[in-house]
Amino acid sequence: MKELPVARLSSRSEFTGRIFAVQVDRVRLPNSREADMEVIRHPASVVLIPMPDAEHVVLIRQYRYALDRWIWELPAGSVDPGESPEAAASRECHEEIGKVPRAITRLGAFYPTPGYCDELMIYYRIDGLDEADTPATADIDECIEPHVFELAEARRLREQGEIVDMKTAVGLSLIK
């Protein structure tokens, strides 16, 4: 199947925030129609699967304002400008669970919402969790409580609907 080009006719920024920006592009689609495409521009992010050993995983309990509730999820965060994804994974591990990883293994990368957002989530297995020399400092908008689960228990939480976060559901499925 031949892919036909999409032509961007114009572009405007609607909003620029601390975490993402909203852009509206006027495009000519392969079927020759014109449309406004609203896109959330978000930097790549890292999703951590911290494993103290082969049978345990660290999840964080975090308050999510958009949902107005606390949820269980894998630690994650954005890749800062000029930072490698591996460095971001190490930094986020320290910030969110107070540990320093000895091993960081890339497991895959996925676009969670490609219909309107360009964020790429890069998944890493984190092994060899050492205590950090300095205390963790969470972002100002984060309320985080790390907890170690048996891997089977974390998967049960997902199956029972207690884990409602998509990145966590996917991440738990990546661990064999």
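Just above, that's the structure.
Heads up: these notes are all about the structure in this document. Note that this is a predicted model, so its numbers are computed, not measured.

1. Overview of the overall build of the chain
- Within the chain one finds 3 helices and 10 strands.
- Sequence-ordered secondary structure for the chain, helices as α and strands as β, is β-β-β-β-β-β-β-α-β-β-β-α-α.
- Summarising its shape, the C-alpha atoms of the chain cover approximately 55 × 35 × 35 Å along the three principal directions.
- Out of the 176 residues in the chain, the part that is buried amounts to 35%.

2. Let's talk about the sheet that holds strand β6 (residues 69–73)
- Read from one edge of the open sheet, 3 strands run β6-β5-β10, paired in antiparallel fashion. Every interior strand has two partners, whereas the edge strands, β6 and β10 (144–150), have only one. Recorded for the sheet is a direction-independent mean angle of 25° between the axes of neighbouring strands.
- In the packing of helix α2 (residues 151–159) onto the sheet, contacts are made with β5 (56–64) and β10, and the angle to β10 comes to roughly 110°.

3. So, the pairing of strand β9 (residues 121–131)
- Pairing between strand β4 (residues 45–51) and β9: 7 bridges, direction parallel. By the bridge assignment, Met 51 is partnered in β9 with Asp 127.
- Across 10 bridges, strand β8 (residues 99–110) lies against β9 in antiparallel orientation. Across the sheet, residue Ala 109 finds its bridge partner in β9, namely Ile 122.

4. As for the pairing of β6
- With 5 bridges connecting them, β5 and β6 associate as antiparallel partners. By the bridge assignment, Ile 60 is partnered in β6 with Glu 73.
- Where β5 folds back onto β6 in an antiparallel hairpin, the turn is made up of 4 residues, including Asp 68, whose phi is positive at roughly 55°.

5. Comments concerning the nonpolar core
- By size, the foremost hydrophobic cluster in this structure holds 16 residues, and its most contacted members are Ile 49 and Val 57.
- Going through the elements one at a time, β4, β5, β9 and α2 are the ones with two or more residues in this core.
- Setting aside residues up to four positions removed in sequence, Ile 49 forms contacts with Val 57, Leu 74, Leu 107, Tyr 123, Tyr 124, Arg 125, Ile 126, Gly 171, Leu 174 and Ile 175.
- By size, the runner-up hydrophobic cluster in this structure holds 14 residues, among which are Val 79, Ile 122, Tyr 124 and Ile 144.

Reading the values: rules and limits
- Residues numbered from 1 in each chain as written.
- Predicted model: local features only at pLDDT ≥ 70, side-chain atom pairs only at ≥ 80, totals over all residues.
- Heavy atoms only, no water.
- Helix = DSSP H or I, 4+ residues; strand = E, 2+ residues; numbered from the N terminus.
- Buried < 20%, exposed > 50% of the residue type's maximum accessible area, 1.4 Å probe, protein only.
- Pairing = 2+ DSSP bridges.
- Axes fitted to C-alpha atoms, helices over the stretch in contact; angles between N-to-C directions.
- Contact = heavy atoms within 4.5 Å.
- Core = buried A, V, L, I, M, F, W, Y, C linked by side-chain atoms within 4.5 Å.

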